[in-house]
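Here is how the chains run, residue by residue.
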Amino acid sequence: TVVLTELASLGVAVRAATAGDAKSALVFAGSGALLLVDHVHFQYNGLLLGLLVYALFMLRRGDHVKAGALFALLCCAKHLFLTLAPVLAAVFVAAHVRPRSDWLRAFLELAGASLAALAL
């Protein structure tokens, strides 16, 4: 399982780097804390941090609804990521809801995707 989670994490970093987001990929893949904590104690942290980076990557790319659903799944997997929820909620509102004239529909898209992810 350790090898699989590391490969998943590396895959997210490579995808981010090949999509032009090399800085985020290097910050994630080169994290000394990730290597120490992941290999010494929590084997699944690499996968979860990879999912967080992938959600942030989708957010930067403009896939707000997918990023919201993935972040909701991430919070279900490890509640520690709930500490990021207020900040990311503000980012989702600023990036997806506020610029649109049909703001209620945009909000319901995000809420629906997040609730669907939580229902899984």
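Residues numbered from 1 in each chain as written. Predicted model: local features only at pLDDT ≥ 70, side-chain atom pairs only at ≥ 80, totals over all residues. Heavy atoms only, no water.

Peer 1: When you look at the state of the cysteines in this model, what are you seeing that I'm missing?
Peer 2: Cysteine pairs can be covalently joined through their sulfur atoms, and such a bond is termed a disulfide. In this structure the tally under the stated criterion is 0 disulfides. Here C75 is not disulfide-linked; the sulfur of C76 is the nearest cysteine sulfur, at 7.2 Å. On the basis of relative accessible area, C75 is assigned to the buried category, the value being 9%. Its relative accessible area of 40% is what places C76 among the partly exposed residues. (Disulfide = S-S within 2.5 Å. Buried < 20%, exposed > 50% of the residue type's maximum accessible area, 1.4 Å probe, protein only.)

Peer 1: Help me understand the packing of helix α5 (residues 64-77) against helix α6 (residues 85-97) in this model?
Peer 2: If you want to describe how two helices pack, look at the angle between their axes and the distance between the axes. Between α5 and α6, whose axes approach to 11 Å, the crossing angle comes to 165°. Classified by the angle between their axes, α5 and α6 sit roughly antiparallel to one another. Considering only the axes of α5 and α6, their crossing is left-handed. Only A85, L88, F92, A95 and H96 of α6 make contact with α5, whose side of the interface consists of H64, V65, A67, G68 and F71. Of the residues contributing to the contact of α5 with α6, the split by class is 7 nonpolar, 3 polar and no charged. (Axes fitted to C-alpha atoms, helices over the stretch in contact; angles between N-to-C directions. Helix = DSSP H or I, 4+ residues; strand = E, 2+ residues; numbered from the N terminus. Parallel < 35°, antiparallel > 145°, perpendicular 65-115°, else oblique. Left-handed = near helix turned anticlockwise from the far one by under 90°. Contact = heavy atoms within 4.5 Å. Nonpolar A, V, L, I, M, F, W, Y, C, P; charged D, E, K, R; others polar.)

Peer 1: What am I meant to see in the side chain of H64 here?
Peer 2: Inspection of the secondary structure assignment puts H64 in helix α5. By relative accessible area, H64 is classed as buried at 13%. Apart from residues lying up to four places away in sequence, H64 is in contact with L59, F92, A95, H96 and L110.

Peer 1: Can you walk me through the packing of aromatic side chains in this structure?
Peer 2: Both the distance between ring centres and the angle between the ring planes are used here to describe each pair of aromatic rings. Counting across every chain of the model gives 1 aromatic pair. Where Y54 meets F57, the ring centres are 6.2 Å apart and the plane angle is 25°; that geometry is what we call stacked. One end of the pair is Y54 and the other is F57, both in helix α4 (residues 45-61) and 3 residues apart, which spans about a single turn. (Phe/Tyr/Trp six-rings, centres within 6.5 Å; stacked < 30°, edge-to-face > 60°.)

Geometric values such as these leave the question of function open.
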